[in-house]
Amino acid sequence: MLKFSKPFWVANFVELLERLAFYAVFIVITLYLSNVWGFSDVQAGIISGIYSAFLYLLPTFTGAVADKIGFRNSIILAFTFLTIGYGGLGLVPTILQSAGLVHYGMTTTYSGLIGSLHQWSIIPILVFIVIGGAFIKAVISGTVARETTTENRARGYAIFYMMVNIGAFLGKTVVDPLRRSMGDEGLVYLNYFSASMTFLALIAVFFFYKSAHTEGQGKKMQELLQSMGKVLTNGRLMILILIISGFWMIQSQMYSTMPKYVIRLVGDGATPGWYANVNPLVVFISVNFITSMMKKRNAITSMMAGMFIIPLSALVMSFGNHIGDAYILGMHPVAFMMIIGIAMQALAECFISPRYLEYFSLQAPKGEEGLYLGFSHLHSFFSYLFAFGISGFLLEKYCPDPRLFTSAEGILDKAAYSAATEHAHYIWYVFVGIGAISAVALFIYSRVVKHLDRKLELVKQ
């Protein structure tokens, strides 16, 4: 433990706080957009999709800026932006309520917000969070690299990964008690919690983060765009990115579809934050075992195993809505099958994620591995961009907002809503199809790539 520098530990501590803040908000981002701001399922899906997609696209470019202005300045800038952003997600709705446009309680009452320009004031707030989050993604991992040596780097990244998962786990546990006790108003106050976490991180960085490793001028933006062009014109890699995006489109439903789906079908007693925590728990327990089990298999074989699990996970999630109302191990069947499906997704992730990065690096030209790996998360950009939007359309059609079936007195028409959600499980059939197509595509891809490599070897001989 003493082999690591003080900046290393400060960076890992603030990463834990940042992940805690991020996941507390992100697990209910579509619910927040609909229940607090009054956006439809489709609008909430599109907004959150663009928001999350750019969180994965921008770090490569903000990393270049961070190299120029210094890591300490970059982290201070990032946490300043994040504190403003998360604080804005709580403060601006409060201002709108004071203006008489909306009233928050267990349920939200709108009186002028929906359809007004004020409703779109959330966009600049989200921009602050995207820019701050993009800097954090680039700088914290870069700090771990700079503050470790070849001897302790593996252990350093293991600690970093542990902090990320602890933060993600704790962040999701905050949501459910607040939402269940305060309803929609709790979704507003949740953001003050996230803002306080990033403000605490800002204070920690300001007083305790002083790194001696400040070398490195970084790449010019023109060089980065040229590098991105190389990746985008590499047909083999781009096809793989699009295929793997199918996996992440299903995985991302844990944030885009699942919270609304379980609350609408199970009721306000549902705890989507705890259901989502099954994912990091299973990954933590299983990833080393699965990686060791598959170490003698090539990367594509391991990825294919995960890709054939992922459509089955979506199919399992669909079972909860049509196996009856009898509780299973004390849980509503929708909740129980959701947990099983999320656990299966976590297993698929263990087969796919580590080996995907390995394969991606092997496809890079000699000496350009780092450059190519900088764009390895393009699959997250594509998948989040489309997955959240698709989710919004599917929710609106098969599992609509119960407020649309509630009278002016606040009474839900249970018969009408039961009929409207009778085929809610159809949502998961769409993702079964996406997962199945992706799995078959990866199988074909592996055959074609193997054939092309053999032909290339023959030409060389």
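For the structure itself, consult the block above.
Below: a short report on this structure. (Residues numbered from 1 in each chain as written. Predicted model: local features only at pLDDT ≥ 70, side-chain atom pairs only at ≥ 80, totals over all residues. Heavy atoms only, no water.)

## Looking at the overall build of the protein
Phase 1 of the analysis: Regarding its fold elements, the protein presents 20 helices and two strands.
Phase 2 of the analysis: Taking 23 Å as the expected radius of gyration for a compact globule of 461 residues, we find that the protein reaches 23 Å, a close match to that expectation.
Phase 3 of the analysis: The buried share of the protein, reckoned over its 461 residues, is 54%.
Phase 4 of the analysis: Accessible area for the protein stands at about 20,500 Å²; split by element, carbon and sulfur atoms hold 68% of it.
Phase 5 of the analysis: Both charge centroids of the protein, one from 32 positive and one from 24 negative side chains, sit 11 Å from each other. (Helix = DSSP H or I, 4+ residues; strand = E, 2+ residues; numbered from the N terminus. Rg over C-alpha atoms; globule rule 2.2 N^0.38 Å. Buried < 20%, exposed > 50% of the residue type's maximum accessible area, 1.4 Å probe, protein only. Areas by Shrake-Rupley, 256 points an atom, 1.4 Å probe, with all protein chains shown as cover. Lys, Arg positive; Asp, Glu negative; His and termini not counted. Charge placed at Lys NZ, Arg CZ, Asp CG, Glu CD.)

## Description of a nonpolar patch on the surface
Phase 1 of the analysis: There is a patch of nonpolar side chains on the surface, built from F308, V440, F443, I444, V448 and L452 and spanning about 510 Å² of accessible area.
Phase 2 of the analysis: Summarising the element assignment, F443 is placed in helix 20 (residues 426-460).
Phase 3 of the analysis: A relative accessible area of 36% places F443 in the partly exposed class. (Patch = residues over 30% accessible without salt bridge, like charges linked within 9 Å, V, L, I, M, F, W, Y side chains within 5 Å. Salt bridge = Lys/Arg side-chain N within 4 Å of Asp/Glu carboxyl O.)

## A look at the packing of helix 10 (residues 235-251) against helix 15 (residues 299-319)
Phase 1 of the analysis: At their nearest, the axes of helix 10 and helix 15 sit 9 Å apart, and the two run at 35 degrees to each other. Between helix 10 and helix 15 lies a crossing whose hand is left-handed. Counting all contacts with helix 10, which are made through L240, I243, I244, F247 and I250, the residues of helix 15 involved are M303, M307, I310, S313 and A314. (Axes fitted to C-alpha atoms, helices over the stretch in contact; angles between N-to-C directions. Left-handed = near helix turned anticlockwise from the far one by under 90°. Contact = heavy atoms within 4.5 Å.)

## Comments concerning the packing of helix 1 (residues 6-26) against helix 6 (residues 122-146)
Each pair of packed helices can be summarised by the angle the axes make with each other and by the distance between the axes.
Phase 1 of the analysis: Two numbers describe how helix 1 lies on helix 6: the axes approach to 9 Å, and their chain directions differ by 150 degrees. With respect to helix 6, the axis of helix 1 lies roughly antiparallel. As for the relative orientation of helix 1 and helix 6, their crossing is left-handed in sense. Of the residues in helix 6, those in contact with P7, F8, A11, N12, V14, E15, E18 and R19 of helix 1 are I136, K137, I140, T143 and V144.
Phase 2 of the analysis: Residue composition of the contact of helix 1 with helix 6, by class: seven nonpolar, two polar and four charged. (Parallel < 35°, antiparallel > 145°, perpendicular 65-115°, else oblique. Nonpolar A, V, L, I, M, F, W, Y, C, P; charged D, E, K, R; others polar.)

## Let's talk about helix 4 (residues 59-69)
Phase 1 of the analysis: Here helix 4 has its buried residues at P59, T60, F61, T62, G63, A64 and A66.
Phase 2 of the analysis: Of the residues one or two after helix 4, G70 is the one with positive phi, at around 95 degrees.

## Section: the side chain of S48
Phase 1 of the analysis: Among the structural elements, S48 can be located in helix 3 (residues 41-57).
Phase 2 of the analysis: For S48, a relative accessible area of 1% gives the class buried.
Phase 3 of the analysis: In terms of polar contacts, S48 uses its side chain to reach the backbone carbonyl oxygen of G45, at 3.3 Å.
Phase 4 of the analysis: Those residues in contact with S48 that lie beyond four places of it in its chain are I29, T30, L33 and F388. (Polar contact = N/O pair within 3.5 Å; in protein donor to acceptor, adjacent residues only side chain to side chain.)

## Re the nonpolar core
Phase 1 of the analysis: One finds F79, Y86, L89, M258, Y261, V262 and M303 to be the most contacted residues of the largest nonpolar core, which totals 139 residues.
Phase 2 of the analysis: If we skip the residues at most four places from it in the chain, Y261 touches M317, N321, V334, M338, L395, C399, A424, H425, I427 and W428. (Core = buried A, V, L, I, M, F, W, Y, C linked by side-chain atoms within 4.5 Å.)

## A few points about the packing of aromatic side chains
Phase 1 of the analysis: Per the counting criterion, the structure on display carries 23 aromatic pairs.
Phase 2 of the analysis: Residues Y398 and Y426 carry aromatic rings whose centres are separated by 5.5 Å and whose planes lie at 70 degrees to one another, so their mutual orientation is edge-to-face. With a gap of 28 residues between them, Y398 in helix 18 (residues 378-398) and Y426 in helix 20 connect regions that are remote in the sequence.
Phase 3 of the analysis: With relative accessibility at 31%, the residue Y426 sits in the partly exposed group.
Phase 4 of the analysis: Put simply, the rings of F22, Y23, F26, Y51, Y56, Y255, Y384 and F388 touch in pairs and so form one group of aromatic residues.
Phase 5 of the analysis: Over the ring of F206 we find R72; its NZ or CZ atom is 5.6 Å from the centre of that ring. (Phe/Tyr/Trp six-rings, centres within 6.5 Å; stacked < 30°, edge-to-face > 60°. Lys NZ or Arg CZ within 6 Å of the ring centre and 35° of its normal.)

## Quick word on helix 1
Phase 1 of the analysis: Counted at 1.5 Å a residue, the expected span for helix 1 with its 21 residues is 30 Å, and the 30 Å between its end C-alpha atoms agrees.
Phase 2 of the analysis: Most of helix 1 is tucked away: 18 of the 21 residues are buried. (Expected span 1.5 Å × (residues − 1).)

## Quick word on the environment of G183
Phase 1 of the analysis: Mapping G183 onto the fold places it in the loop between helix 7 (153-182) and helix 8 (184-208).
Phase 2 of the analysis: Residue class for G183 comes out buried when judged on its relative accessible area of 7%.
Phase 3 of the analysis: G183 has contacts with G105, M106 and L178, leaving out every residue within four places of it along the chain.

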